[in-house]
Amino acid sequence: MDPQGLCYLNGEWLALAEARISPLDRGFIFGDGVYEVVPVYHRKPFRVAQHLARLARSLGEVRIANPFDRTQWLALIERVVAACDAADQYIYIQVTRGVAKRDFAFPTDVEPTVFVMTTPFQRPSRQQRETGVDAVTREDERWARCDIKSVSLLGAVLARQFAVDNAAQEVVQFREGWLTEGSSSNIWVVKNGTVAGPPRDRRILEGIRYGFIGELCATNSIPFAERRIARAEVAVADELLLTAATREVLPITHLDGRPVGNGRPGPIYSRLSAAYDAAIAAL
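Residues numbered from 1 in each chain as written. Predicted model: local features only at pLDDT ≥ 70, side-chain atom pairs only at ≥ 80, totals over all residues. Heavy atoms only, no water.

1. Considering helix H8 (residues 267–281)
The end-to-end C-alpha distance of H8, which contains 15 residues, comes to 21 Å, matching closely the 21 Å that a straight helix rising 1.5 Å per residue would cover. Taken residue by residue, H8 has Ile268, Tyr269, Leu272, Ser273, Ala275, Tyr276 and Ile280 as its buried positions. For H8, the angular spread of the buried residues around the axis is 165°, confining them to a single face. With respect to the buried face of H8, the exposed residues turned more than 90 degrees away are Pro267 and Ala281. (Helix = DSSP H or I, 4+ residues; strand = E, 2+ residues; numbered from the N terminus. Expected span 1.5 Å × (residues − 1). Buried < 20%, exposed > 50% of the residue type's maximum accessible area, 1.4 Å probe, protein only. Arc of directions from axis to C-beta.)

2. Quick word on the sheet that holds strand S2 (residues 12–15)
In a beta sheet, neighbouring strands pair by backbone hydrogen bonds and run either parallel or antiparallel. If you trace the six strands from one edge of the open sheet to the other, you get S2-S1-S6-S5-S3-S4, paired in antiparallel fashion. Two strands lie at the open edges of the sheet, namely S2 and strand S4 (44–45), each paired on one side alone. Where strand S5 (residues 89–96) meets strand S6 (residues 113–120), eight bridges bridge the pair, whose relative direction is antiparallel. Along S6, the bridge assignment pairs tyrosine 90 with threonine 119. Sheet strands in contact with helix H3 (residues 70–82) are strand S1 (6–9), S2, strand S3 (33–41), S4, S5 and S6, and its direction is about 135° off that of S5. (Pairing = 2+ DSSP bridges. Contact = heavy atoms within 4.5 Å. Axes fitted to C-alpha atoms, helices over the stretch in contact; angles between N-to-C directions.)

3. Structural notes on the packing of helix H6 (residues 208–219) against H8
Contact geometry of H6 with H8 gives a least axis separation of 10 Å together with a crossing angle of 105°. When the interaxial angle is binned, H6 and H8 end up roughly perpendicular. Contact residues: H6 offers Arg209, Phe212, Leu216 and Cys217, while H8 offers Leu272, Ala275, Tyr276 and Ala279. (Parallel < 35°, antiparallel > 145°, perpendicular 65-115°, else oblique.)

4. Looking at unusual backbone geometry
Although it is not a glycine, arginine 47 sits at a positive phi angle of roughly 55°. Residue class for arginine 47 comes out buried when judged on its relative accessible area of 15%. Although it is not a glycine, aspartate 256 sits at a positive phi angle of roughly 55°. In this structure, aspartate 256 sits in the loop between strand S14 (248–255) and strand S15 (258–259).

5. Focus: the packing of helix H2 (residues 48–62) against H3
As a packed pair, H2 and H3 sit with axes 11 Å apart at the nearest point and diverge in direction by 120°. Comparing their axes, H3 and H2 come out oblique. H3 is crossed by H2, and the crossing has right-handed handedness. When H2 is examined against H3, the residues Val48, Ala49, Leu52 and Leu55 are found in contact with a partner set consisting of Arg70, Trp73, Leu74 and Ile77. Across the contact of H2 with H3, the residue classes tally to seven nonpolar, no polar and one charged. (Left-handed = near helix turned anticlockwise from the far one by under 90°. Nonpolar A, V, L, I, M, F, W, Y, C, P; charged D, E, K, R; others polar.)

6. Brief notes about the packing of aromatic side chains
Two aromatic rings are characterised by how far apart their centres lie and by the angle between their planes. One pass over the full model with this rule turns up 15 aromatic pairs. Between the aromatic rings of tryptophan 188 and tyrosine 210, the centroid separation amounts to 4.7 Å while the plane-to-plane angle is 50°, which identifies the pairing as tilted. Of this pair, tryptophan 188 sits in strand S10 (residues 186–191) while tyrosine 210 sits in helix H6, placing them 22 residues apart in sequence. The two residues tryptophan 188 and tyrosine 210 agree in class, both being buried. Here a set of aromatic residues connected by ring pairs shows up, and it is made of Tyr41, Phe46, Tyr90, Phe121, Phe212 and Tyr276. Between the NZ or CZ atom of arginine 97 and the centre of the ring of phenylalanine 106, over which it lies, the distance is 3.6 Å. (Phe/Tyr/Trp six-rings, centres within 6.5 Å; stacked < 30°, edge-to-face > 60°. Lys NZ or Arg CZ within 6 Å of the ring centre and 35° of its normal.)

7. Overview of the pattern of salt bridges
Oppositely charged side chains may form a pair once their charged atoms are brought near each other. The final tally for this structure, using the stated rule, is 22 salt bridges. Between arginine 200 and glutamate 206 there is a salt bridge; the shortest N-O distance is 3.3 Å. Residue classification places arginine 200 among the partly exposed positions, given a relative accessible area of 37%. Each of the salt bridges in this network shares a partner with another, and the network as a whole consists of Arg57, Glu61, Arg145 and Asp147. (Salt bridge = Lys/Arg side-chain N within 4 Å of Asp/Glu carboxyl O.)

8. What about the side chain of arginine 145?
Inspection of the secondary structure assignment puts arginine 145 in the loop between strand S7 (133–139) and helix H5 (154–165). In this structure the side chain of arginine 145 is engaged in a polar contact, spanning 3.0 Å, whose partner is the side chain of glutamate 61. Aside from chain neighbours lying at most four places away, what touches arginine 145 is Glu61 and Arg202. (Polar contact = N/O pair within 3.5 Å; in protein donor to acceptor, adjacent residues only side chain to side chain.)

9. Let's talk about the environment of asparagine 10
Structurally, the position occupied by asparagine 10 is in the loop between S1 and S2. The exposure class of asparagine 10 is partly exposed, given its relative accessible area of 43%. It is 6.7 Å that separates the C-alpha atoms of asparagine 10 and phenylalanine 115, two residues lying 105 residues apart in sequence. When neighbours within four sequence positions are excluded, asparagine 10 is seen to be in contact with Pro112, Thr113 and Val114. A distance of 2.9 Å separates the side chain of asparagine 10 from the backbone nitrogen of valine 114, its partner in a polar contact.

Structural data, given as C-alpha coordinates:
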(Lines give C-alpha, C1' and ligand atoms only; values in the text may rest on other atoms or scores of the structure.)
Protein backbone atom coordinates (compact mmCIF):
# COMPACT_ATOMS: atom_id res chain seq x y z
CA MET A 1 0.00 0.00 0.00
CA ASP A 2 1.40 3.40 -1.00
CA PRO A 3 1.14 5.78 1.99
CA GLN A 4 1.30 8.67 -0.46
CA GLY A 5 -1.51 7.24 -2.56
CA LEU A 6 -4.52 9.48 -3.05
CA CYS A 7 -7.57 8.80 -0.93
CA TYR A 8 -10.92 10.45 -0.32
CA LEU A 9 -12.04 11.35 3.20
CA ASN A 10 -15.10 13.44 3.96
CA GLY A 11 -14.91 15.66 0.91
CA GLU A 12 -11.14 15.98 0.73
CA TRP A 13 -8.59 14.36 -1.56
CA LEU A 14 -5.30 13.80 0.24
CA ALA A 15 -2.35 11.46 0.60
CA LEU A 16 -3.28 8.32 2.51
CA ALA A 17 -0.58 9.06 5.11
CA GLU A 18 -2.27 12.37 5.85
CA ALA A 19 -5.78 10.97 6.37
CA ARG A 20 -7.11 11.41 9.92
CA ILE A 21 -10.35 10.54 11.66
CA SER A 22 -11.62 11.48 15.10
CA PRO A 23 -11.25 8.86 17.86
CA LEU A 24 -14.95 9.49 18.49
CA ASP A 25 -15.87 8.23 15.02
CA ARG A 26 -18.42 5.49 15.60
CA GLY A 27 -16.58 3.22 13.18
CA PHE A 28 -13.59 3.38 15.52
CA ILE A 29 -15.51 3.21 18.80
CA PHE A 30 -18.27 0.74 17.90
CA GLY A 31 -17.44 -0.70 14.48
CA ASP A 32 -20.62 1.12 13.48
CA GLY A 33 -20.29 1.19 9.71
CA VAL A 34 -20.18 -0.81 6.50
CA TYR A 35 -17.70 -1.30 3.68
CA GLU A 36 -17.19 -2.60 0.17
CA VAL A 37 -14.22 -3.93 -1.79
CA VAL A 38 -14.41 -3.50 -5.57
CA PRO A 39 -11.81 -5.26 -7.75
CA VAL A 40 -10.42 -3.32 -10.69
CA TYR A 41 -8.89 -4.98 -13.76
CA HIS A 42 -7.15 -3.03 -16.51
CA ARG A 43 -8.32 0.12 -14.64
CA LYS A 44 -11.96 -0.93 -15.02
CA PRO A 45 -14.08 -1.74 -11.92
CA PHE A 46 -15.51 -5.26 -12.08
CA ARG A 47 -19.23 -5.73 -11.34
CA VAL A 48 -19.30 -2.31 -9.73
CA ALA A 49 -23.08 -2.00 -10.06
CA GLN A 50 -23.53 -5.07 -7.88
CA HIS A 51 -21.02 -3.78 -5.33
CA LEU A 52 -22.76 -0.41 -5.06
CA ALA A 53 -26.13 -2.14 -4.74
CA ARG A 54 -24.82 -4.24 -1.84
CA LEU A 55 -23.33 -1.13 -0.24
CA ALA A 56 -26.71 0.56 -0.42
CA ARG A 57 -28.41 -2.50 1.08
CA SER A 58 -25.91 -2.72 3.96
CA LEU A 59 -26.35 0.99 4.69
CA GLY A 60 -30.10 0.54 4.71
CA GLU A 61 -29.91 -2.42 7.09
CA VAL A 62 -27.94 -0.41 9.66
CA ARG A 63 -29.92 2.80 9.01
CA ILE A 64 -27.09 4.98 7.74
CA ALA A 65 -28.13 7.36 4.96
CA ASN A 66 -26.31 6.64 1.71
CA PRO A 67 -24.12 9.73 1.29
CA PHE A 68 -23.96 9.54 -2.52
CA ASP A 69 -25.98 8.40 -5.48
CA ARG A 70 -24.65 5.90 -8.01
CA THR A 71 -23.21 8.57 -10.31
CA GLN A 72 -21.32 10.22 -7.45
CA TRP A 73 -19.92 6.90 -6.24
CA LEU A 74 -18.74 6.06 -9.74
CA ALA A 75 -17.01 9.42 -10.03
CA LEU A 76 -15.19 8.85 -6.73
CA ILE A 77 -14.09 5.40 -7.80
CA GLU A 78 -12.93 6.66 -11.20
CA ARG A 79 -10.76 9.36 -9.62
CA VAL A 80 -9.18 6.98 -7.12
CA VAL A 81 -8.42 4.44 -9.85
CA ALA A 82 -6.85 7.11 -12.07
CA ALA A 83 -4.53 8.22 -9.24
CA CYS A 84 -2.98 4.75 -8.90
CA ASP A 85 -0.29 3.49 -11.29
CA ALA A 86 -1.37 -0.15 -11.09
CA ALA A 87 -3.69 -1.57 -13.74
CA ASP A 88 -5.15 -4.09 -11.27
CA GLN A 89 -6.35 -2.63 -7.98
CA TYR A 90 -9.03 -3.02 -5.38
CA ILE A 91 -11.10 -0.09 -4.17
CA TYR A 92 -11.94 0.02 -0.48
CA ILE A 93 -15.04 2.02 0.51
CA GLN A 94 -16.03 2.58 4.14
CA VAL A 95 -19.01 4.52 5.48
CA THR A 96 -19.52 4.93 9.22
CA ARG A 97 -22.32 6.62 11.13
CA GLY A 98 -20.00 9.55 11.87
CA VAL A 99 -18.49 11.38 14.83
CA ALA A 100 -20.53 11.76 18.01
CA LYS A 101 -20.37 11.54 21.79
CA ARG A 102 -19.92 7.91 22.80
CA ASP A 103 -23.40 6.48 23.28
CA PHE A 104 -24.85 3.21 22.02
CA ALA A 105 -27.98 4.87 20.65
CA PHE A 106 -27.85 6.44 17.19
CA PRO A 107 -26.82 10.12 17.29
CA THR A 108 -28.93 12.70 15.50
CA ASP A 109 -27.77 15.33 13.01
CA VAL A 110 -24.45 13.59 12.34
CA GLU A 111 -22.86 13.32 8.90
CA PRO A 112 -21.54 9.88 7.90
CA THR A 113 -17.79 9.45 7.58
CA VAL A 114 -16.87 8.44 4.01
CA PHE A 115 -13.48 6.97 3.15
CA VAL A 116 -12.31 5.62 -0.22
CA MET A 117 -8.85 4.32 -1.14
CA THR A 118 -7.25 1.95 -3.61
CA THR A 119 -4.55 -0.70 -3.30
CA PRO A 120 -2.68 -2.50 -6.12
CA PHE A 121 -3.21 -6.24 -6.02
CA GLN A 122 -1.94 -9.37 -7.67
CA ARG A 123 -4.39 -11.87 -9.06
CA PRO A 124 -4.19 -15.40 -7.63
CA SER A 125 -0.84 -16.98 -8.37
CA ARG A 126 -0.22 -19.77 -10.83
CA GLN A 127 0.66 -22.04 -7.90
CA GLN A 128 -2.65 -21.34 -6.17
CA ARG A 129 -4.52 -22.09 -9.37
CA GLU A 130 -2.59 -25.26 -10.17
CA THR A 131 -2.26 -26.79 -6.69
CA GLY A 132 -5.12 -25.18 -4.79
CA VAL A 133 -5.23 -23.94 -1.20
CA ASP A 134 -5.56 -25.63 2.17
CA ALA A 135 -8.48 -25.02 4.52
CA VAL A 136 -9.55 -26.13 7.99
CA THR A 137 -13.02 -26.54 9.43
CA ARG A 138 -14.31 -24.42 12.29
CA GLU A 139 -17.54 -23.69 14.11
CA ASP A 140 -19.00 -20.37 12.95
CA GLU A 141 -18.93 -18.11 16.01
CA ARG A 142 -19.84 -14.82 14.36
CA TRP A 143 -22.95 -12.73 14.97
CA ALA A 144 -26.34 -13.47 13.47
CA ARG A 145 -26.32 -10.78 10.75
CA CYS A 146 -23.50 -11.91 8.52
CA ASP A 147 -25.49 -10.65 5.51
CA ILE A 148 -24.47 -7.08 6.42
CA LYS A 149 -20.99 -6.17 5.19
CA SER A 150 -20.12 -4.54 8.49
CA VAL A 151 -16.75 -3.14 9.55
CA SER A 152 -17.25 -5.11 12.80
CA LEU A 153 -14.96 -7.90 11.61
CA LEU A 154 -13.51 -9.39 14.81
CA GLY A 155 -15.25 -12.71 14.13
CA ALA A 156 -13.73 -12.88 10.66
CA VAL A 157 -10.31 -11.86 12.00
CA LEU A 158 -10.37 -14.66 14.58
CA ALA A 159 -11.51 -17.14 11.94
CA ARG A 160 -8.72 -16.21 9.55
CA GLN A 161 -6.16 -16.38 12.36
CA PHE A 162 -7.44 -19.87 13.16
CA ALA A 163 -6.54 -20.80 9.58
CA VAL A 164 -3.10 -19.20 9.89
CA ASP A 165 -2.47 -20.99 13.19
CA ASN A 166 -3.22 -24.26 11.41
CA ALA A 167 -1.01 -23.54 8.37
CA ALA A 168 -4.04 -23.05 6.11
CA GLN A 169 -5.23 -20.25 3.86
CA GLU A 170 -8.92 -20.30 4.77
CA VAL A 171 -11.52 -21.76 7.09
CA VAL A 172 -14.70 -23.60 6.15
CA GLN A 173 -17.26 -22.70 8.80
CA PHE A 174 -20.37 -24.46 10.04
CA ARG A 175 -23.28 -23.33 12.18
CA GLU A 176 -25.26 -26.11 13.87
CA GLY A 177 -23.92 -28.61 11.36
CA TRP A 178 -24.65 -26.57 8.22
CA LEU A 179 -22.10 -24.95 5.91
CA THR A 180 -21.93 -21.15 6.10
CA GLU A 181 -18.79 -19.59 4.57
CA GLY A 182 -15.10 -18.85 4.97
CA SER A 183 -13.55 -16.02 6.96
CA SER A 184 -13.77 -13.73 3.92
CA SER A 185 -15.07 -15.91 1.13
CA ASN A 186 -18.05 -17.89 -0.05
CA ILE A 187 -17.58 -21.67 -0.10
CA TRP A 188 -18.88 -23.99 -2.84
CA VAL A 189 -19.37 -27.75 -2.85
CA VAL A 190 -19.14 -29.74 -6.08
CA LYS A 191 -20.63 -33.23 -6.21
CA ASN A 192 -21.38 -35.24 -9.34
CA GLY A 193 -20.81 -32.18 -11.51
CA THR A 194 -23.24 -29.90 -9.62
CA VAL A 195 -22.10 -26.70 -7.89
CA ALA A 196 -23.95 -26.02 -4.63
CA GLY A 197 -23.83 -23.00 -2.33
CA PRO A 198 -25.51 -22.27 1.02
CA PRO A 199 -28.74 -20.25 1.03
CA ARG A 200 -28.36 -16.48 0.77
CA ASP A 201 -29.78 -15.71 4.19
CA ARG A 202 -28.54 -13.92 7.29
CA ARG A 203 -25.95 -16.59 8.05
CA ILE A 204 -23.67 -15.63 5.15
CA LEU A 205 -22.57 -12.51 3.33
CA GLU A 206 -23.77 -12.83 -0.23
CA GLY A 207 -20.52 -12.25 -2.05
CA ILE A 208 -20.77 -10.45 -5.37
CA ARG A 209 -19.18 -13.57 -6.79
CA TYR A 210 -22.16 -15.61 -5.55
CA GLY A 211 -24.40 -14.30 -8.29
CA PHE A 212 -21.50 -14.31 -10.72
CA ILE A 213 -20.78 -18.01 -10.14
CA GLY A 214 -24.45 -18.72 -10.75
CA GLU A 215 -24.22 -16.84 -14.04
CA LEU A 216 -21.04 -18.66 -15.09
CA CYS A 217 -22.64 -22.01 -14.31
CA ALA A 218 -25.69 -21.12 -16.39
CA THR A 219 -23.68 -19.99 -19.40
CA ASN A 220 -21.40 -23.04 -19.21
CA SER A 221 -24.14 -25.65 -18.68
CA ILE A 222 -22.97 -26.51 -15.17
CA PRO A 223 -25.80 -27.56 -12.83
CA PHE A 224 -26.18 -25.12 -9.93
CA ALA A 225 -28.08 -25.38 -6.65
CA GLU A 226 -28.66 -22.99 -3.74
CA ARG A 227 -29.55 -25.07 -0.68
CA ARG A 228 -28.55 -26.05 2.83
CA ILE A 229 -25.38 -28.16 2.84
CA ALA A 230 -24.65 -30.52 5.73
CA ARG A 231 -21.17 -30.92 7.13
CA ALA A 232 -21.16 -34.55 6.03
CA GLU A 233 -21.60 -33.47 2.40
CA VAL A 234 -18.59 -31.19 2.59
CA ALA A 235 -16.46 -34.06 3.85
CA VAL A 236 -17.19 -36.16 0.74
CA ALA A 237 -17.23 -33.39 -1.88
CA ASP A 238 -15.63 -34.06 -5.25
CA GLU A 239 -14.38 -30.46 -5.25
CA LEU A 240 -14.47 -27.49 -2.89
CA LEU A 241 -14.13 -23.93 -4.14
CA LEU A 242 -13.85 -20.51 -2.57
CA THR A 243 -14.73 -17.17 -4.13
CA ALA A 244 -13.86 -13.64 -3.03
CA ALA A 245 -13.25 -10.24 -4.60
CA THR A 246 -9.45 -10.42 -4.58
CA ARG A 247 -9.09 -14.21 -4.67
CA GLU A 248 -11.57 -14.66 -7.51
CA VAL A 249 -12.27 -18.42 -7.64
CA LEU A 250 -9.81 -20.92 -6.17
CA PRO A 251 -9.88 -24.66 -5.48
CA ILE A 252 -9.63 -25.96 -1.92
CA THR A 253 -7.62 -29.14 -2.42
CA HIS A 254 -7.02 -30.12 1.21
CA LEU A 255 -9.43 -29.82 4.14
CA ASP A 256 -8.27 -30.56 7.68
CA GLY A 257 -5.14 -32.14 6.21
CA ARG A 258 -7.06 -34.57 4.00
CA PRO A 259 -7.31 -34.34 0.20
CA VAL A 260 -10.53 -33.10 -1.37
CA GLY A 261 -11.32 -35.51 -4.19
CA ASN A 262 -7.94 -36.50 -5.58
CA GLY A 263 -6.22 -33.56 -3.93
CA ARG A 264 -5.91 -31.62 -7.19
CA PRO A 265 -8.04 -28.86 -8.77
CA GLY A 266 -11.00 -30.52 -10.45
CA PRO A 267 -12.75 -30.15 -13.80
CA ILE A 268 -15.53 -27.88 -12.55
CA TYR A 269 -12.98 -25.51 -11.08
CA SER A 270 -11.08 -25.48 -14.37
CA ARG A 271 -14.21 -24.56 -16.32
CA LEU A 272 -15.28 -21.83 -13.88
CA SER A 273 -11.77 -20.41 -13.68
CA ALA A 274 -11.52 -20.19 -17.46
CA ALA A 275 -14.92 -18.50 -17.64
CA TYR A 276 -13.92 -16.05 -14.90
CA ASP A 277 -10.74 -15.18 -16.80
CA ALA A 278 -12.75 -14.65 -19.97
CA ALA A 279 -15.09 -12.21 -18.19
CA ILE A 280 -12.12 -10.19 -16.97
CA ALA A 281 -10.53 -10.24 -20.41
CA ALA A 282 -13.79 -8.94 -21.88
CA LEU A 283 -13.38 -5.72 -19.90
